[in-house]
Amino acid sequence: FPVTIGAPFKGSEFNQVVHLLKRGDLIFKREVSSVTGKLIGGTWQHVALYVGDQIDEETGLPYNIVEMTRFGLSKNFVYDICKEADYIGVYRPDWSDEYFDQVMIRLRALFGEHPAYDFDFDVGNKKFYCSELIWYLDFKDTLGLHLSKMEIYNTAYVSPDDVSKGKVNLIWTNHPEVLGAGK
């Protein structure tokens, strides 16, 4: 794959993002030169859920995002998703506080199950990849997500782009394609 260097995410942009986040926001990222991005394609390669300031019940450590990584269901910080990104997008679902509380109950139940990363991208097997986690947590289908076809595996899946095109509102981005600056 040809290597393209994006515009590294800047500290001033990080400060903008952190100050506008609300519980339930979806944080998307793109690393222009990553192999994963070449395989997944599309505008966004990864999505995480902003859960607000939380304390891990097992370790006592703080976190504010939850994401599915190759290591499994992970509790991290906004900084962790931004630090290696070229582009970030923040999208906001129209979730009430009550609905988000129900999403968190569903998420906490998953913590106890320690689901593995779904390297096969097989929807519905209790393993997850990043965007499938969001699809699963939205148990009332408020985002209106539809499965697309992943050519490399010849299977149906929900991509980060599918999530960003669901019933969500763009709150902030530095991505030129999303901003309309061309491809």
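Look up a bit, the structure's there.
Residues numbered from 1 in each chain as written. Predicted model: local features only at pLDDT ≥ 70, side-chain atom pairs only at ≥ 80, totals over all residues. Heavy atoms only, no water.

Q: Account for helix 5 (residues 130-137), naming residues and giving values.
A: Counting buried positions along helix 5 yields six of eight residues, so the element is predominantly enclosed. If you check which residues of helix 5 are buried, you get Cys130, Ser131, Glu132, Leu133, Ile134 and Leu137. In this structure, the buried side of helix 5 is in contact with strand 1 (26-30), strand 2 (46-55), strand 3 (62-69), strand 4 (72-76), helix 4 (97-113) and helix 6 (160-164). (Buried < 20%, exposed > 50% of the residue type's maximum accessible area, 1.4 Å probe, protein only. Helix = DSSP H or I, 4+ residues; strand = E, 2+ residues; numbered from the N terminus. Contact = heavy atoms within 4.5 Å.)

Q: Describe the sheet that holds strand 4, and please don't skip the residues or the numbers.
A: Strand order in this open sheet of six strands is 4-3-2-1-5-8, and the pairing throughout is antiparallel. Two strands bound the open sheet, and with one partner strand each, they are strand 4 and strand 8 (168-173). Averaged over all adjacent pairs, the angle separating strand axes in this sheet is 30°, with direction ignored. Pairing between strand 3 and strand 4: five bridges, direction antiparallel. Within strand 4, the residue paired with Val66 across the bridge is Lys75. Relative to strand 8, helix 1 (residues 11-20) is tilted by about 145°, and along the sheet it contacts strand 5 (87-93) and strand 8. (Pairing = 2+ DSSP bridges. Axes fitted to C-alpha atoms, helices over the stretch in contact; angles between N-to-C directions.)

Q: So what's going on with the packing of aromatic side chains? Which residues, and what values?
A: Think of a pair of aromatic rings as described by two things: how far the centres are apart, and how the planes are tilted against each other in angle. Per the stated rule, a full pass over the model turns up 14 aromatic pairs. Seen from their ring centres, Tyr117 and Phe119 are 4.8 Å apart, and the 65° between their planes marks the pair as edge-to-face. With relative accessibility at 17%, the residue Tyr117 sits in the buried group. The partly exposed category is assigned to Phe119, whose relative accessible area is 49%. Clustering of aromatic rings is evident, with ring pairs tying together Tyr117, Phe119, Phe121, Tyr129 and Tyr157. The positively charged end of Lys75 is found above the aromatic ring belonging to Phe111, 4.0 Å away from the centroid. Sitting over the face of the ring of Tyr136, Arg106 holds its NZ or CZ atom 4.0 Å from the ring centroid. (Phe/Tyr/Trp six-rings, centres within 6.5 Å; stacked < 30°, edge-to-face > 60°. Lys NZ or Arg CZ within 6 Å of the ring centre and 35° of its normal.)

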